[in-house]
2 protein chains.
Amino acid sequence: MTTPVNRRIVLAARPAGRPLPGDFRLETVAVPSVGAGQVLLRTLYLSLDPYMRNLMEEIGPGYAPPLALGEVLVGGTVSRVVESRHPDFRAGELVLAHAGWQDYALSDGQDLVPLGDVGRPSLALGAAGMPGFTAQVGLAEIGRPRAGETVVVGAATGAVGAMVGQLARRAGARVVGIAGGADKVRHLVETFGFDAAVDRRDPRFAERLREAAPAGIDVYFESVGGEVLDAVLPLLNIGARVPVSGFIAHYNEAGAEGDAAAPDRRPALLATLLQKRVRMEGFIVLDHYGDGLSRFKAFQREMTAAIAAGEVRALEHVVDGLERAPQGLIDLLDGRHLGKVVVAVAAP
Amino acid sequence: MTTPVNRRIVLAARPAGRPLPGDFRLETVAVPSVGAGQVLLRTLYLSLDPYMRNLMEEIGPGYAPPLALGEVLVGGTVSRVVESRHPDFRAGELVLAHAGWQDYALSDGQDLVPLGDVGRPSLALGAAGMPGFTAQVGLAEIGRPRAGETVVVGAATGAVGAMVGQLARRAGARVVGIAGGADKVRHLVETFGFDAAVDRRDPRFAERLREAAPAGIDVYFESVGGEVLDAVLPLLNIGARVPVSGFIAHYNEAGAEGDAAAPDRRPALLATLLQKRVRMEGFIVLDHYGDGLSRFKAFQREMTAAIAAGEVRALEHVVDGLERAPQGLIDLLDGRHLGKVVVAVAAP
């Protein structure tokens, strides 16, 4: 008889720029024992998301505390309850959790969302989960696309971006996606139904974007920054809205302090905001879950049904095994994956 | 008998950076004759405003066409109708107009606002005019200060800034002003009733601002950019609002392209917008005048009464004579004046 152990991945060192495999460390510890009011969770799927890079910094991003050295990396998971001393949960059921980068975790139940009997449980980490909800919140609260308007999505094949495009199309907007590489660009149109797609690696990217948005841009869903933002700014229409959910182009720059060799692009940004009367607004999806996660749960139900009905498409890239999670995050930040990246930690 | 002539100041050359006297030229031409449906206006007061610098660029700011070389500089005026062939105006009455930098101008009446019998007609160019209305629109549409919140105003002794502070205080906010020089800082508290004021020329400016806003900043009324914005960003509270009405620190930079020697401050701005869920939004007051100028006229009535009742203070710097208007604008952009700058063109 083998005693189960808990493998976990902790922060070994703070990355200087792009994370390296040595910034992570795999440890093996005992499976924790369950106290009164707790449940023991077995991780089935771990979500990989760009925000994780930010939490590895010494100075946190402000919306979540930074990780301490030696701490288990955080992350959303689909987990199975293996033991319960909590009245609301029973062994065997599937839940959406925040168990982090490890095989087992304890929870007091407060952050758990029962998943019931869903077809593909990993969707609860992507299109029907936090990334999809990020897309919905940014569009509903800030972007507010109207029928006939043009919506441009940076990082459009990512877990958030693919949903932004599909939700904006459902609102009647014309949707243009930006992605890196011909394969991704093709998927934007063929898989996700974008009206047009532009390759940001094209040497004539800015010109191609202009051609793809002949009526200008009314909503730019910002998650990239850098040269993509440079190309978008001159195309913004008067009264454009720019929800800011991230800026992945800068995550691997130490402290997002910018490049000292580059010119200062802030004055030109201010000029655009003023001249075009642009609303640019950051948001953190955690602020919008609602009492008792009510708003998130409603989204999850609606989106699970829409995916099952084929009205919304969800692509996944599955990384096989917890031990491969560090390379999975590095590849995600490098833009190597198509669709939502999840780690298959244990067989469902 | 002397025939009246029309002196006018035209754009002689496009400024490279800071405008110079040689960029302007004083011309003398005949007074135009009045056609059917027109009025002839005599300029009494000409408003000087930072936006005028922008219109001198070859590529306009987008919200107004750039001036052509040889064209009369634009500007709001208080004018007297000297001859009328328009049914709604009679000779002798005072109007708010856009006669520009000249003694006489024709109007078809569409842009004229009758001023009636006001005490200080020049106030219609400042606290009770476009700058004051800019303050109100930025606060009402974007800033939305709540009682007890902290509002910070850049360029606080300017025509817009002094009104932002006073209107925000009327809404119950704690108001901190930023200005350049001890004399201006003193006026912010003593004349305009700000709760605190900070000198941006103080070597420890950022630290002083932090001390003056111990609960952080909920609304920053942006009209400066540059180092003032640098000091404000770390102090913004979660959910802060930043109405952008200008960025005078950059107006004298060619094309607002920024300083190639400075680091790129855009990534850090994006990071702040995201982490603090900040709404940053540009606006142009011209968009908000209302049908038939209804909203502007209501503001003007209300503010004229509030100033007469001593509830709102208005400071003016009067430049004597049209021929001194160019130096007046140069000094305004250099921050040499206190209060609203008007040119007295003719005796009322």
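Conventions and cut-offs
- Residues numbered from 1 in each chain as written.
- Chains lettered and ligands numbered in written order.
- Predicted model: local features only at pLDDT ≥ 70, side-chain atom pairs only at ≥ 80, totals over all residues.
- Heavy atoms only, no water.
- Helix = DSSP H or I, 4+ residues; strand = E, 2+ residues; numbered from the N terminus.
- Buried < 20%, exposed > 50% of the residue type's maximum accessible area, 1.4 Å probe, protein only.
- Contact = heavy atoms within 4.5 Å.
- Areas by Shrake-Rupley, 256 points an atom, 1.4 Å probe, with all protein chains shown as cover.
- Expected span 1.5 Å × (residues − 1).
- Phe/Tyr/Trp six-rings, centres within 6.5 Å; stacked < 30°, edge-to-face > 60°.
- Lys NZ or Arg CZ within 6 Å of the ring centre and 35° of its normal.
- Pairing = 2+ DSSP bridges.
- Axes fitted to C-alpha atoms, helices over the stretch in contact; angles between N-to-C directions.
- Core = buried A, V, L, I, M, F, W, Y, C linked by side-chain atoms within 4.5 Å.
- Domains from an automatic or database assignment.
- Buried area = accessible area lost by both parts, 1.4 Å probe.
- Salt bridge = Lys/Arg side-chain N within 4 Å of Asp/Glu carboxyl O.
- Polar contact = N/O pair within 3.5 Å; in protein donor to acceptor, adjacent residues only side chain to side chain.
- Nonpolar A, V, L, I, M, F, W, Y, C, P; charged D, E, K, R; others polar.

As annotated in an unreviewed UniProt entry, chain A is NADP-dependent oxidoreductase from Roseateles chitinivorans.

> How should the overall build of chain A be read in this particular structure?
Secondary structure assignment for chain A yields nine helices and 15 strands. Across its three principal directions, the C-alpha atoms of chain A cover 65 × 45 × 35 Å. Here chain A, with 348 residues, has 57% of them falling under the buried criterion. Restricting to contacts in chain A with at least 6 residues of sequence separation, those with at least 24 account for 67%. Put simply, chain A shows about 13,900 Å² of open surface, and 52% of that area lies on carbon and sulfur atoms.

> Just checking my understanding: could you explain helix α3 (residues 159-170) of chain A for this structure?
Along an α-helix, a turn takes 3.6 residues, which lines up residues three or four apart on a common side. All names here are of chain A. For α3, built from twelve residues, the straight-helix expectation of 16 Å at 1.5 Å per residue is met to within 8% by its first-to-last C-alpha distance of 17 Å. Counting buried residues along α3, nine of its twelve residues qualify, which places the element largely inside the surrounding structure. If you check which residues of α3 are buried, you get Ala159, Gly161, Ala162, Met163, Val164, Gly165, Gln166, Leu167 and Ala168. A positive backbone phi angle near 90° is found at Gly172, which sits one or two residues after α3.

> When you look at the packing of aromatic side chains in this model, what are you seeing that I'm missing?
The way to describe two aromatic rings as a pair is by their centre distance and the angle between their planes. Taken as a whole and assessed by the stated rule, the structure comprises twelve aromatic pairs over all chains. When the ring of Phe133 of chain B is compared with that of Phe299 of chain B, the centres are 5.5 Å apart and the planes differ by 50°; the resulting orientation is tilted. One end of the pair, Phe133 of chain B, is in helix α2 (residues 130-143); the other, Phe299 of chain B, is in helix α8 (residues 294-308), and 166 residues separate them in sequence. Pair check on accessibility: Phe133 of chain B and Phe299 of chain B agree, each one buried. Grouped by ring-pair contacts, the aromatic residues Phe133, Tyr289, Phe296 and Phe299 of chain A constitute a single cluster. Cation over ring: Arg42 of chain A sits above Tyr104 of chain A, and NZ or CZ is 5.0 Å from the ring centre.

> Whenever I open this one, the sheet that holds strand β10 (residues 196-199) of chain B confuses me. Can you help?
Pairing between sheet strands relies on hydrogen bonds along the backbone, with the strands arranged either parallel or antiparallel. Pairing in this open sheet of twelve strands is mixed, and the strands run β10(A)-β9(A)-β8(A)-β11(A)-β12(A)-β13(A)-β13(B)-β12(B)-β11(B)-β8(B)-β9(B)-β10(B) from one edge to the other. Two strands bound the open sheet, and with one partner strand each, they are β10 (196-199) of chain A together with β10 of chain B. In this sheet, neighbouring strand axes are inclined to one another by 15° on average, regardless of whether the strands run parallel or antiparallel. Strands β11 (217-221), β12 (236-244) and β13 (279-282) of chain B of the sheet are contacted by α2 of chain B, whose axis makes an angle of about 140° with β12 of chain B.

> How do you make sense of the nonpolar core when you look at a structure like this?
Within soluble globular proteins, side chains that are nonpolar generally end up buried alongside one another. Ranked by size, the top nonpolar core spans 62 residues in total, and within it Leu209 and Tyr220 of chain A together with Leu209 and Tyr220 of chain B carry the most contacts. When residues no more than four places from it in sequence are discounted, the contact partners of Leu209 of chain B are Val152, Val176, Ile178, Val198, Ala231, Val232 and Leu235 of chain B.

> Any chance you could explain the domain arrangement of chain A here in plain terms?
How big an interface is tends to be stated in terms of accessible area lost as the parts join. All names here are of chain A. Per the domain assignment, the segments making up chain A are domain 1 (5-126 + 314-344) and domain 2 (130-285). Taking the mean C-alpha position of each, domain 1 and domain 2 sit 28 Å from one another. Listed as interface residues are 23 residues of domain 1 and, on the opposing side, 17 residues of domain 2. For the pair domain 1 and domain 2, the summed buried surface comes to about 1,500 Å²; carbon and sulfur atoms form 60% of the total. Counting every contact that joins domain 1 to domain 2 gives zero salt bridges. Across the contact surface, domain 1 and domain 2 share four residue pairs in polar contact (both at pLDDT 80 or more). Counting residues per element, the side of domain 1 that touches domain 2 draws most heavily on helix α1 (residues 51-55), which supplies three residues. Residue composition of the side of domain 1 that touches domain 2, by class: ten nonpolar, six polar and seven charged.

> Please explain unusual backbone geometry as it appears in this structure.
Unusually for a residue other than glycine, Arg144 of chain A sits at a positive phi of about 40°. Structurally, Arg144 of chain A is set in the loop between α2 (130-143) and β8 (150-153).

> Please clarify how the environment of Val312 of chain A should be interpreted in this entry.
Examined against the element boundaries, Val312 of chain A turns out to sit in the loop between α8 (294-308) and β14 (316-320). Once the C-alpha coordinates of Val312 of chain A and Leu96 of chain A are considered, the two residues, 216 residues apart in sequence, prove to be 21 Å apart.

> Help me out: how do you make sense of the environment of Pro21 of chain B in this one?
Residue and element names in this part refer to chain B. Relative to the assigned elements, Pro21 resides in the loop between β1 (5-11) and β2 (24-30). Judged by relative accessible area, which is 51%, Pro21 ranks as exposed. Discounting chain neighbours no more than four positions away, the residues touching Pro21 are Gln327 and Ile330.

> Help me out: how do you make sense of the pairing of strand β13 (residues 279-282) of chain A in this one?
Side-chain positions along a regular strand alternate between the two faces of the sheet. Of the two faces of β13 of chain A, the one holding Arg279 and Glu281 of chain A and the one holding Met280 and Gly282 of chain A are both buried throughout. Where strand β12 (residues 236-244) of chain A lies against β13 of chain A, four bridges are found, and the strand directions are parallel. Looking across to β13 of chain A, one finds that Val242 of chain A is bridged to Met280 of chain A. When β13 of chain A meets β13 of chain B, the two strands line up antiparallel, connected through three bridges. In the sheet register, Met280 of chain A faces β13 of chain B, and the bridge partner there is Met280 of chain B.

> Please clarify how the pairing of strand β15 (residues 340-344) of chain B should be interpreted in this entry.
Residue and element names in this part refer to chain B. Counting buried residues along β15, five of its five residues qualify, which places the element largely inside the surrounding structure. Residues of β15 alternate between two faces, with Lys340, Val342 and Ala344 on one and Val341 and Val343 on the opposite face, all of them buried. In the sheet, strand β3 (residues 39-47) pairs with β15 via three bridges, with the strands oriented antiparallel. Looking at β15, one finds that Leu46 is bridged to Val343. Pairing analysis gives five bridges linking strand β14 (residues 316-320) to β15, with the strands arranged parallel. Bridging across to β15, Val319 finds its partner in Val343.

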